[in-house]
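Here is how the chains run, residue by residue.
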Amino acid sequence: MQNVFKRPSHRPPPPQASSTLQSHPPKLDETAHARNCGRVATLLGPVNWTALGGSAATLRAYHALGVRAVNLTRFDRFARDAVREMNRIGLAVDLSGADPDTVRPALAVTRAPALLTRAAPETLPDEVLRLLGENGAVLMVAVTEDPEAAADALDRVRAEAGPHCAGVSHTTAPAAGYVPLLAELLRRGWTAQELVGLAHANATRALRETEFLARTNRIRPAAA
């Protein structure tokens, strides 16, 4: 599968197409270019935690293939060292599905913003949401057929973690898309700037900070 993504593409995608970034490693500037061209750019990931097999070398291999996020679902000694290595090389720590006892120590170790690409804010207590806010994490909530339910979840993220932590992931109602949710949030008093952050700017900011941290760490030796 990775070979498919590594193969260069010589045919430009049509307008409005969804395209995977082709440079290795992919550059975040490409996501802005794709958005300006009316396309959707995607980064590879997150990789499931069990796929690492407890190996930092495997972690680095996934990064070399273009993966930019790893889903951490438990916290132990290897996880602590892996989070530090992820910070060093520029992999986002995805805490989707992690329980509060995993989220807390992960946030205590990571120096880069975490991501929750499949966030379920209802499973996290207020104090954990506030910790995520302090970290600058982005909680990406799925958009369902019921825009009010998604808006309720995002309102809670906004109230406890801050608007800079709100994001959206996939939609389960592709025919309607994101418009009903955005309309509902506007009705609830969200500002245009907050909606831009929700749509893409917050996640881009978190990834840029992760990338910047990695650049400052390049002179440090890799973990064994």
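Because the structure is predicted, anything quoted here is derived from the model rather than measured. (Residues numbered from 1 in each chain as written. Predicted model: local features only at pLDDT ≥ 70, side-chain atom pairs only at ≥ 80, totals over all residues. Heavy atoms only, no water.)

Draft legend 1. A look at the overall build of the chain. Of the regular secondary structure elements, the chain holds 9 helices and 8 strands. Intrachain contacts of the chain at a sequence separation of at least 6 include 59% that bridge at least 24 residues. Roughly 11,500 Å² of accessible area belongs to the chain as shown, and the carbon and sulfur atoms make up 56% of that amount. (Helix = DSSP H or I, 4+ residues; strand = E, 2+ residues; numbered from the N terminus. Contact = heavy atoms within 4.5 Å. Areas by Shrake-Rupley, 256 points an atom, 1.4 Å probe, with all protein chains shown as cover.)

Draft legend 2. Expanded view of the side chain of Glu194. Along the polypeptide, Glu194 turns up in helix 9 (residues 192-216). Since its relative accessible area comes to 17%, Glu194 is described here as buried. Within the local environment of Glu194, its side chain forms a polar contact with the backbone nitrogen of Thr191, the two atoms lying 3.0 Å apart. Residues contacting Glu194, with those up to four places away along its chain left out, are Arg158, Pro163 and Gly189. (Buried < 20%, exposed > 50% of the residue type's maximum accessible area, 1.4 Å probe, protein only. Polar contact = N/O pair within 3.5 Å; in protein donor to acceptor, adjacent residues only side chain to side chain.)

Draft legend 3. Geometry of the environment of Asp94. Structurally, Asp94 is set in strand 5 (residues 92-94). Residues Asp94 and Leu115, 21 residues apart in the sequence, show an inter-C-alpha distance of 4.6 Å. Non-local contacts of Asp94, meaning those with residues more than four positions away in its chain, are made with Pro46, Val70, Asn71, Leu72, Leu115, Leu116, Thr117 and Arg118.

Draft legend 4. Region of the structure containing the pattern of salt bridges. According to the stated counting rule, one finds 15 salt bridges in the structure shown. Where Arg104 meets Asp101, a salt bridge forms, and the shortest distance between an N and an O atom there is 3.0 Å. Placement of the pair is Arg104 and Asp101 together in helix 5 (residues 100-109), with a separation of 3 residues, close to one helical turn. The shortest N-O distance in the salt bridge between Asp126 and Arg156 comes to 2.8 Å. Here Arg156 lies in helix 7 (residues 147-160) and Asp126 lies in helix 6 (residues 126-135), a separation of 30 residues in the sequence. Among the residues examined, Asp126 registers a relative accessible area of 33% and is labelled partly exposed. Arg156 sits in the partly exposed class, given a relative accessible area of 25%. (Salt bridge = Lys/Arg side-chain N within 4 Å of Asp/Glu carboxyl O.)

Draft legend 5. View of the nonpolar core. Membership of the largest hydrophobic core comes to 47 residues, with the highest contact counts inside it found for Leu95, Leu132, Leu139 and Leu154. When sequence neighbours within four positions are dropped, the list of residues in contact with Leu95 reads Asn71, Leu72, Val103, Ala106, Leu107, Ala114, Leu115 and Leu116. (Core = buried A, V, L, I, M, F, W, Y, C linked by side-chain atoms within 4.5 Å.)

Draft legend 6. Helix 5, seen in detail. Within helix 5, burial applies to Pro100, Thr102, Val103, Ala106, Leu107 and Val109. Where helix 5 is buried, its residues contact helix 4 (77-89) and helix 6. Where helix 5 begins, the capping side chain belongs to Asp99, and its oxygen is found 3.1 Å from the backbone nitrogen of Asp101.

Draft legend 7. Fine view of the packing of aromatic side chains. Counted by the stated rule, this structure contains 1 aromatic pair. Ring centres 5.5 Å apart and planes at 45° place the aromatic pair Trp49 and Phe78 in the tilted group. Taken as a pair, Trp49 in the loop between strand 3 (47-48) and helix 3 (56-64) and Phe78 in helix 4 lie far apart in primary sequence, 29 residues in all. Residue classification places Trp49 among the buried residues on the basis of a relative accessible area of 3%. Exposure remark for Phe78: the relative accessible area of 21% places this residue in the partly exposed category. (Phe/Tyr/Trp six-rings, centres within 6.5 Å; stacked < 30°, edge-to-face > 60°.)

Draft legend 8. Layout of the environment of Val47. Tracing the backbone shows Val47 in strand 3. Linking Val47 and Leu59, residues 12 residues apart in sequence, is a C-alpha distance of 9.3 Å. The residues contacting Val47, other than those within four sequence positions of it, are Tyr62, Val67, Ala69, Val70 and Asn71.

Draft legend 9. Structural view of the side chain of Thr117. Looking at the element boundaries, Thr117 is found in strand 6 (residues 115-119). Among the polar contacts made by the side chain of Thr117, one reaches the side chain of Asp94 at a distance of 2.5 Å. Not counting the four nearest positions on each side in its chain, Thr117 is found in contact with Pro46, Asp94, Ser96, Met140 and Ser169.

Draft legend 10. Summary view of the pairing of strand 6. Counting buried positions along strand 6 yields 4 of 5 residues, so the element is predominantly enclosed. Two strands pair when backbone bridges link them, and strand 6 and strand 7 (residues 138-143) are joined in this way by 3 bridges, in the parallel orientation. The residue bridging Ala119 from the neighbouring strand is Val141, located in strand 7. As a crossover connection, the stretch from strand 6 through helix 6 into strand 7 is right-handed. (Pairing = 2+ DSSP bridges. Right-handed = clockwise from strand over helix to strand, strands pointing away.)

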